[in-house]
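Tertiary structure, described
These are the residues of each chain, in order.
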Amino acid sequence: MASGRPVLIFEAPLDSCLYRDALRLREKILRRPLGLTVSNEELADDTMRQHFCAVDCGAVVGTVSLRPLDETTLHLKQMAVTEPMRSARVGSRLVNHAERWGAAAGFRVMIAHARVGAEGFYLKHGYVQAGETFFEQTIPHVLVRKLLVRKRLL
Ligand SMILES: CC(C)(COP(=O)(O)OP(=O)(O)OC[C@H]1O[C@@H](n2cnc3c(N)ncnc32)[C@H](O)[C@@H]1OP(=O)(O)O)[C@@H](O)C(=O)NCCC(=O)NCCS
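Residues numbered from 1 in each chain as written. Predicted model: local features only at pLDDT ≥ 70, side-chain atom pairs only at ≥ 80, totals over all residues. Heavy atoms only, no water.

1. What to know about the nonpolar core
Leu-66, Leu-76, Met-79, Val-90, Met-110 and Tyr-122 are the most contacted members of the largest nonpolar core, which totals 27 residues. Of all the secondary-structure elements, those providing two or more residues to this core are strand S2 (50–56), strand S3 (59–68), strand S4 (73–81), helix H3 (90–104), strand S5 (109–115) and strand S8 (139–147). When residues in this core are grouped by element, the largest group, 6 residues, is from H3. Setting aside anything within four residues of it in sequence, one finds Met-110 in contact with Leu-66, Leu-74, Leu-76, Ala-98, Glu-99, Tyr-127, Val-144, Arg-145, Lys-146 and Leu-148. Among the nonpolar cores identified, the runner-up in size contains 12 residues, and Leu-23, Cys-53, Val-55 and Ala-80 belong to it. (Core = buried A, V, L, I, M, F, W, Y, C linked by side-chain atoms within 4.5 Å. Buried < 20%, exposed > 50% of the residue type's maximum accessible area, 1.4 Å probe, protein only. Helix = DSSP H or I, 4+ residues; strand = E, 2+ residues; numbered from the N terminus. Contact = heavy atoms within 4.5 Å.)

What follows is the structure, encoded as structure tokens:
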């Protein structure tokens, strides 16, 4: 059950305590249920990403990261919210923050590889599905994309 307290969104610089907590959360939510761990390739990829986390009462309860693909396109990755905090708009706050950050930094398009079953979350945020289902991390995904509109960073 969500707490009702305001959840704050912070940048989580590589090797900060926030980043390490977010990494643990990613492993617990996105990798272990699939029998996987965060790979060395993923850790190397992390060095090229911008990381954000949602914090409730000092604890990281959600995370997302952004990887520039080229000058116009960002790849939104590792979207995860702890189970007790789901359906309380934490994921929405993370996506909105990521999009505002991306637009303010001059990016025009956000893409994500949505897990089949979670694509509805992205469609609710204005993403459209592009292309066929593909497998990643052993499970089916679909590509979703959205044009970014420049807004003020909150
Ligand atoms: C997907 C996830 C990040 C959503 O976070 P959340 O904080 O629970 O989502 P929100 O409360 O912000 O939901 C916003 C809207 O999306 C909808 N939504 C959330 N998860 C959804 C899902 N899996 N499928 C369809 N719609 C979903 C909500 O119902 C809500 O709709 P509304 O605006 O009509 O009320 C979270 O459920 C999660 O971490 N899941 C496990 C990991 C995962 O699948 N990550 C995505 C990898 S691509």
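There is more to say, and it comes next.
2. Regarding the environment of Pro-140
By the element assignment, Pro-140 lies in strand S8. Residue Pro-140 is classed as partly exposed on the basis of its relative accessible area of 30%. Spatially, the C-alpha atom of Pro-140 lies 30 Å from that of Pro-13, the residues being 127 residues apart in sequence. When residues no more than four places from it in sequence are discounted, the contact partners of Pro-140 are Ala-114, Arg-115, Val-116, Thr-133, Phe-134 and Phe-135.

3. Regarding the pattern of salt bridges
By the definition in use, this model includes 9 salt bridges. Here Arg-49 makes a salt bridge to Asp-45, at a shortest N to O gap of 2.8 Å. Considered together, Arg-49 and Asp-45 belong to a single accessibility category, that of buried residues. Across the salt bridge formed by Arg-49 and Asp-46, the nearest N and O atoms sit 3.0 Å from each other. Exposure remark for Arg-49: the relative accessible area of 9% places this residue in the buried category. Looking at Asp-46, the relative accessible area reads 0%, which means it is buried. The network of salt bridges with shared partners includes Arg-26, Arg-31, Glu-42, Asp-45, Asp-46, Arg-49, Arg-67 and Lys-77. (Salt bridge = Lys/Arg side-chain N within 4 Å of Asp/Glu carboxyl O.)

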